[in-house]
Amino acid sequence: MSRLPYIVAEIGGNHNGDVDLAKRMIREAKACGADAVKFQLYRRCDLWTEDHLKELNDGLVKLENVSAWETKELGLKDIFAQVDKFAVQEKEHIEFFNCARECSIDYGTSTFTKKDVDFCIDQKVANLKVASCDVTNLDLIEYVISKDYPTHIALGMASLAEIEAIVNLIPEKCRRNVTLLHCVSLYPPKDELVNLKFIETLRRNFGMAVGYSDHTLGFEIPLAAMAMGASVIEKHFTLDKNMPGWDHRVSADPAEMKIICSAAKRIADALGDGIKRVSDDELAKRKKFRRTIATARALKAGEEICYEDILFKRPGTGIPADKYKEIIGRHVCRDIDANKTLLWEDLVR
């Protein structure tokens, strides 16, 4: 398994219902160095009741990342038009699959129905995603797990007990294909709510691969998640944060996505494996940088060394400083000037 975090550029609904824009985003994500792009496969009837959509549209229920549902730039007058526009159906997904394959970038999909799980597996997507809204939809999760297919499960809004209920559905033999994604389902969350240390809690409690799905502003938090050992980093992606739509503001633009992707190798290399080793380069540095024992005054042949006769100075080519007690009371076998590095061969055997 690669030590590098797997970087997912989450396009989601940021294509704004424009197939050509979606394809441009796929190509740009590849150019940035992302390992995968991800879309969402759903229909209006799959996720919402009409009454709930009306409550959202009328402002009776508010979302923190949406101030108004009318989008004049896209000619969309309400939430119903937005959902219909941004939803991507099988035909468009097949176009996106083909574009991603031409670009040699993985293609993943959030799926919200069993039918769509089957469709995506039939299309041989790189991985499936169970969204945070489905953490208690154990019927769907159990179905996804039964396929023993590479799957990312987002854990936004979930309690530890709810996460445990999900993990209990996953047979031991299937766990190699499942990555739990720490996630805070706010757009954006305050930094103090991100709680990246929960990545280690998940890993310790469940012994599974753990990643991070990000909704923060900027690129710093995903980099910190890499440093916590997240094996997957999912970040919303846009070509322009000022575009109309749902998630552009909390998305990485190409400049930020390039930083995230280029940092992945450096951070993975820097994390290492936790075993302390002194490299050959550092061993060579010891001779230049460490202090060893030097003479505080001139010594005559046969003279006994006292504590007051020694100092600790660079370079590190003499008797190591931590051996000083072994030379107190020893005699020198030759005349030695002051301020000279003391060597073992300078001592009477």
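Described in the following lines is the structure provided in the data block. (Residues numbered from 1 in each chain as written. Predicted model: local features only at pLDDT ≥ 70, side-chain atom pairs only at ≥ 80, totals over all residues. Heavy atoms only, no water.)

**Concerning a positive patch on the surface**
Taken together, the side chains of Lys 285, Lys 288, Arg 291 and Arg 314 define a basic patch exposed on the protein surface. In this structure, Arg 291 sits in the loop between helix H13 (280-289) and strand S9 (292-295). Using a relative accessible area of 54% as the deciding quantity, one classes Arg 291 as exposed. (Patch = residues over 30% accessible without salt bridge, like charges linked within 9 Å, V, L, I, M, F, W, Y side chains within 5 Å. Areas by Shrake-Rupley, 256 points an atom, 1.4 Å probe, with all protein chains shown as cover. Salt bridge = Lys/Arg side-chain N within 4 Å of Asp/Glu carboxyl O. Lys, Arg positive; Asp, Glu negative; His and termini not counted. Charge placed at Lys NZ, Arg CZ, Asp CG, Glu CD. Helix = DSSP H or I, 4+ residues; strand = E, 2+ residues; numbered from the N terminus. Buried < 20%, exposed > 50% of the residue type's maximum accessible area, 1.4 Å probe, protein only.)

**Points about the side chain of His 248**
Considering the arrangement of structural elements, one finds His 248 in the loop between strand S8 (232-236) and helix H12 (254-271). Taking relative accessible area as the criterion, His 248 reaches 1% and is therefore assigned buried. Those residues in contact with His 248 that lie beyond four places of it in its chain are Asn 14, Asn 16, Thr 238, Asp 240, Lys 241 and Met 243. (Contact = heavy atoms within 4.5 Å.)

**Topic: the sheet that holds strand S1 (residues 6-10)**
Taken together, eight strands build a closed barrel; the order of strands is S1-S2-S3-S4-S5-S6-S7-S8 and the barrel is parallel. Across the sheet, the mean angle from the axis of one strand to that of its neighbour is 25°, orientation sign disregarded. Where strand S6 (residues 178-183) meets strand S7 (residues 209-214), five bridges bridge the pair, whose relative direction is parallel. Each bridged residue has a counterpart across the sheet, and for Cys 183 the counterpart in S7 is Ser 213. (Pairing = 2+ DSSP bridges. Axes fitted to C-alpha atoms, helices over the stretch in contact; angles between N-to-C directions.)

**Brief notes about the packing of aromatic side chains**
Per the stated rule, a full pass over the model turns up nine aromatic pairs. Their ring planes at 75° and their centres at 5.9 Å tell us that Tyr 42 and Trp 48 sit as a pair that is edge-to-face. The exposure class assigned to Tyr 42 is buried, which follows from its relative accessible area of 3%. Here Tyr 42 and Phe 112 contribute two aromatic rings whose centre-to-centre distance is 6.1 Å and whose plane-to-plane angle is 90°, an arrangement assigned as edge-to-face. Residue Tyr 42 is located in the loop between strand S2 (36-41) and helix H2 (44-47), and its partner Phe 112 is located in the loop between strand S3 (106-111) and helix H6 (114-122); the two are separated by 70 residues in the primary sequence. Residue Phe 112 is classed as buried on the basis of its relative accessible area, which comes to 11%. (Phe/Tyr/Trp six-rings, centres within 6.5 Å; stacked < 30°, edge-to-face > 60°.)

**Comments concerning helix H5 (residues 90-103)**
Given a rise of 1.5 Å per residue, 14 residues ought to cover 20 Å, and the 20 Å separating the end C-alpha atoms of H5 matches this to within 8%. Summarising the contacts, the buried residues of H5 are in contact with helix H1 (19-32), S2, S3 and H6. The positive-phi residue at the C-terminal boundary of H5 is Ser 104, with phi of around 60°. (Expected span 1.5 Å × (residues − 1).)

**Brief notes about the pattern of salt bridges**
Applying the stated criterion across every chain, the model contains 22 salt bridges. Glu 234 serves as the salt-bridge partner of Lys 129, at 2.9 Å between the closest nitrogen and oxygen. Separated by 105 residues along the polypeptide, Lys 129 in strand S4 (residues 127-130) and Glu 234 in strand S8 bring together distant segments of the chain. Judged by relative accessible area, which is 6%, Lys 129 ranks as buried. Classification of Glu 234 as buried rests on a relative accessible area of 3%. Where Lys 265 meets Asp 269, a salt bridge forms, and the shortest distance between an N and an O atom there is 2.7 Å.

**Some remarks on the pairing of strand S5 (residues 151-154)**
The alternating pattern of S5 places Thr 151 and Ile 153 and His 152 and Ala 154 on opposite faces, both of which are buried. As paired elements, S4 and S5 share three bridges and run parallel to each other. For Leu 128, the partnering residue across the bridge sits in S5 and is Thr 151. Since S4 and S5 lie parallel, the crossover through helix H7 (residues 138-146) that links them has a hand, and here it is right-handed. Relative to S6, S5 runs parallel, the two being bridged by four bridges. (Right-handed = clockwise from strand over helix to strand, strands pointing away.)

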